Amino acid sequence: MSSIKRLKILEAPADTKQTRGLDVVTVTAFAAVMPPENKHGQVGGKRLILHPLLGNKSTSSLWERRIMQAKIGKENLPKPQNAITIAVSSRALFNMDLEQDIYEQQGMEDYLNYQIQHEMEPFAPGPAFPFIKAVEAVNTRLRELYPDSEELFDVVLMTSNHAHVGLRLINSINHHQLFLERFCMTGGNSPIGYLKAYHTNLYLSADSLKVREAIEAGIAAATVFSPGKITEVPETQLRVAFDGDAVLFSDESERIYKAHGLDKFFEHEKAHENKPLDHGPLKGFLEALGKLQQKFYAKGQRLDCPIRTYLVTARSAASSGTRALKTLRSWGLETDEALFLAGAPKGPMLEKIRPHIFFDDQMFHVEGAAELGTVAAHVPYGIAQKIPPKKDGKKDTSARQLE
Ligand SMILES: [Mg+2]
């Protein structure tokens, strides 16, 4: 990137009166003398980081936020290969139900017109919003402890929406004060290539077909559902709950259960107690969370760790639970809490835990959790997917969806 381009990003839009004369002058002067290969430096004791111009015309509020972030030195976009990258679709992050209805019932032109007419109206939070907020709270703590480390969460907005909707998305991100700088507007193309390019550790979407495609490509992914009621979740501790079989683990034991029943399943698990299960689609994400937890432990913050993980499984502690715990141990992983429900419903337990997200491969558990106020996400992996979903008059999700 040439130095000219770097200077260009410092041309503030005409209406940024609040920031003009404050940081713009300082930053411009800084950029003028900054060698092009430098990404950041110090001015007046403040750490400054410069960024390339976005593809579209930045709104003034985005510009203002950019300046403010530069001033306090908060913004530090890590390289995708160093970061824990979470790709989230616009419809998972924000509530776009009304707009989706307009698209489905009236078509693309009416949809785009509506979005443009309501451009200054921010979207309300969607199901993945509290999770992303909590992820940002963890990043704040990590930056305090390790100012120069790139081992952080990095959130990418992965959307198939038209560029016209991009401005409303930017306005919504600013309105909700999300530190979300990476946009991937796929224009309706499959997101898989982009997810791989970003080294995505987790993809959250409202479109089950895209999620299925991602899982098949070996990317940890889940379809997020809005809970039936609002549950207050912690703002300073990210809580993530995982099912075991066909989520953290493979579905090999689940297959025994489905084919031969519960007794044979118990027998099989007892006999194979010391043989670790193969990994499932979300093992890598638990591993990534564990890596960040270690960074807090290394600074003596084990008890005050802003990440907490849970295994919430239908296995029972006495019999089949041992293999699950031994498997995690063999991987060098652990969850902070392990709940063996022995077939009891998961919803009430999750209601107590109040996680930001709960992953399960069975829609039965996803629906049960969502009904009681947990943001539940479906991982379409393993033998449970072979059972045809119940026909209950819900919308056909096979139609092309805008994300
Ligand atoms: Mg399962």
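Just so you know, these numbers come straight off a predicted model, no measurement behind them. (Residues numbered from 1 in each chain as written. Predicted model: local features only at pLDDT ≥ 70, side-chain atom pairs only at ≥ 80, totals over all residues.)

Let us now look at the overall build of the protein. Of regular secondary structure, the protein possesses 16 helices and 14 strands. Per-residue burial for the protein yields a buried fraction of 42% across its 403 residues. Considering only contacts in the protein between residues 6 or more positions apart, those separated by 24 or more positions represent 73%. (Helix = DSSP H or I, 4+ residues; strand = E, 2+ residues; numbered from the N terminus. Buried ≥ 20, exposed ≤ 12 C-beta atoms within 10 Å, placed from the backbone. Contact = placed C-beta atoms within 7 Å.)

All right, on to the sheet that holds strand S3 (residues 84-88) then. Strand order across the open sheet formed by 10 strands is S7-S6-S3-S8-S9-S14-S13-S10-S11-S12, with mixed pairing between neighbours. The outermost strands of the open sheet, each flanked by one partner alone, are strand S7 (182-185) and strand S12 (337-340). Neighbour-to-neighbour, the strand axes of the sheet open up by a mean angle of 25 degrees, direction not taken into account. In this structure, strand S8 (residues 200-205) lies alongside strand S9 (residues 221-225), joined through three bridges in parallel fashion. Across the sheet, Leu204 pairs through a bridge with Ala222, a residue of S9. (Pairing = 2+ DSSP bridges. Axes fitted to C-alpha atoms, helices over the stretch in contact; angles between N-to-C directions.)

Now for the packing of helix H6 (residues 108-117) against helix H8 (residues 163-175). Viewed as axis vectors pointing N to C, H6 and H8 meet at an angle of 35 degrees, and their least axial separation amounts to 9 Å. Crossing angle aside, the handedness with which H6 passes H8 is left-handed. Residue-level contacts link Leu112, Gln115 and Ile116 of H6 to His164, Val165 and Arg168 of H8. In terms of residue class, the contact of H6 with H8 is made up of three nonpolar, two polar and one charged. (Left-handed = near helix turned anticlockwise from the far one by under 90°. Nonpolar A, V, L, I, M, F, W, Y, C, P; charged D, E, K, R; others polar.)

A few words now on H8. Side chains that are three or four residues apart share a direction in an α-helix, a result of its 3.6 residues per turn. Between its first and last C-alpha atoms H8 spans 19 Å; for 13 residues at 1.5 Å apiece the expected length is 18 Å, and the two agree. Listing the buried residues of H8 in full gives Val165, Gly166, Arg168, Leu169, Ile170, Ser172 and Ile173. Phi turns positive one or two residues past the end of H8, at Gln177, with a value near 55 degrees. (Expected span 1.5 Å × (residues − 1).)

Note that Val165 resides in helix H8. Remark: the alpha-carbon pair of Val165 and Gln115, spanning 50 residues in sequence, is separated by 6.1 Å.

Our focus in this paragraph is the pairing of S7. Across four bridges, strand S6 (residues 153-159) lies against S7 in parallel orientation. From the neighbouring strand, Val156 faces S7, where its bridge partner is Arg182. Between the parallel elements S6 and S7, the chain passes through H8 in a crossover that is right-handed. (Right-handed = clockwise from strand over helix to strand, strands pointing away.)

This part takes up unusual backbone geometry. Of note in the backbone geometry, Ala342 takes a positive phi value of approximately 45 degrees without being a glycine. When you line up the elements, Ala342 lands in the loop between S12 and helix H15 (347-353). The backbone of Arg354 shows a phi angle near 55 degrees, a positive value even though the residue is not glycine. Assessed through the 16 C-beta atoms surrounding it within 10 Å, Arg354 is described here as partly exposed.

The subject of this paragraph is the nonpolar core. Of all hydrophobic cores here, the largest spans 81 residues; its most connected members are Val88 and Phe242. Viewed by domain, this core spans two of them, domain 2 (84-225) and domain 3 (238-386), each represented by three or more residues. Those residues in contact with Phe242 that lie beyond four places of it in its chain are Val247, Leu248, Leu282, Leu286, Tyr310, Leu311, Val312 and Phe359. (Core = buried A, V, L, I, M, F, W, Y, C linked by C-beta atoms within 7 Å. Domains from an automatic or database assignment.)

Quick look at the pairing of strand S13 (residues 357-360) now. The two faces of S13 match: Ile357 and Phe359 on one face and Phe358 and Asp360 on the other face are all buried. Bridging between strand S10 (residues 238-242) and S13 involves three bridges; their strand directions are parallel. Its bridge partner lying in S13, Ala241 is registered against Phe358. Bridge analysis of S13 against strand S14 (residues 376-378) gives three bridges, and the strand direction is parallel. Across the sheet, Phe359 pairs through a bridge with Ala377, a residue of S14.

Attention now moves to the environment of Arg302. Position of Arg302 relative to the elements: it lies in the loop between helix H13 (283-297) and strand S11 (307-313). Here Arg302 is in contact with Phe296 and Tyr297, once residues within four sequence places are set aside.

What follows covers the environment of Ala128. With respect to the secondary-structure elements, Ala128 resides in the loop between strand S5 (124-125) and helix H7 (129-145). In this structure the C-alpha to C-alpha distance between Ala128 and Ile357, which are 229 residues apart in sequence, comes to 7.8 Å. Those residues in contact with Ala128 that sit more than four places away from it in its chain are Val88, Ala92, Leu93, Leu204 and Val224.

Its 17 residues place the ends of H7 25 Å apart at the C-alpha level, agreeing with the 24 Å of an ideal helix rising 1.5 Å per residue. Every buried residue of H7 is listed here: Phe129, Pro130, Phe131, Ile132, Ala134, Val135, Val138, Asn139 and Arg141.

Detailed reading of the predicted coordinates is not advisable wherever pLDDT falls low. Averaged over the protein, the pLDDT score is 81; the fraction of residues at 70 or greater is 77%. Below pLDDT 50 for its whole length, residues 1-74 participates in 80 contacts with residues either more than four positions away or in separate chains. Low pLDDT (under 50) marks residues 390-399, which in the prediction has four contacts with non-local residues, meaning those over four places away or in another chain. (pLDDT = per-residue confidence, 0-100.)

Take the packing of helix H5 (residues 97-106) against H6 next. Here H5 crosses H6 at 150 degrees, and the two axes come no closer than 7 Å. By the criterion of interaxial angle, the relationship of H5 to H6 is roughly antiparallel. Mapping the contact onto sequence places Glu99, Ile102, Tyr103 and Gln106 in H5 and Met108, Asp110, Tyr111, Tyr114 and Gln115 in H6. (Parallel < 35°, antiparallel > 145°, perpendicular 65-115°, else oblique.)

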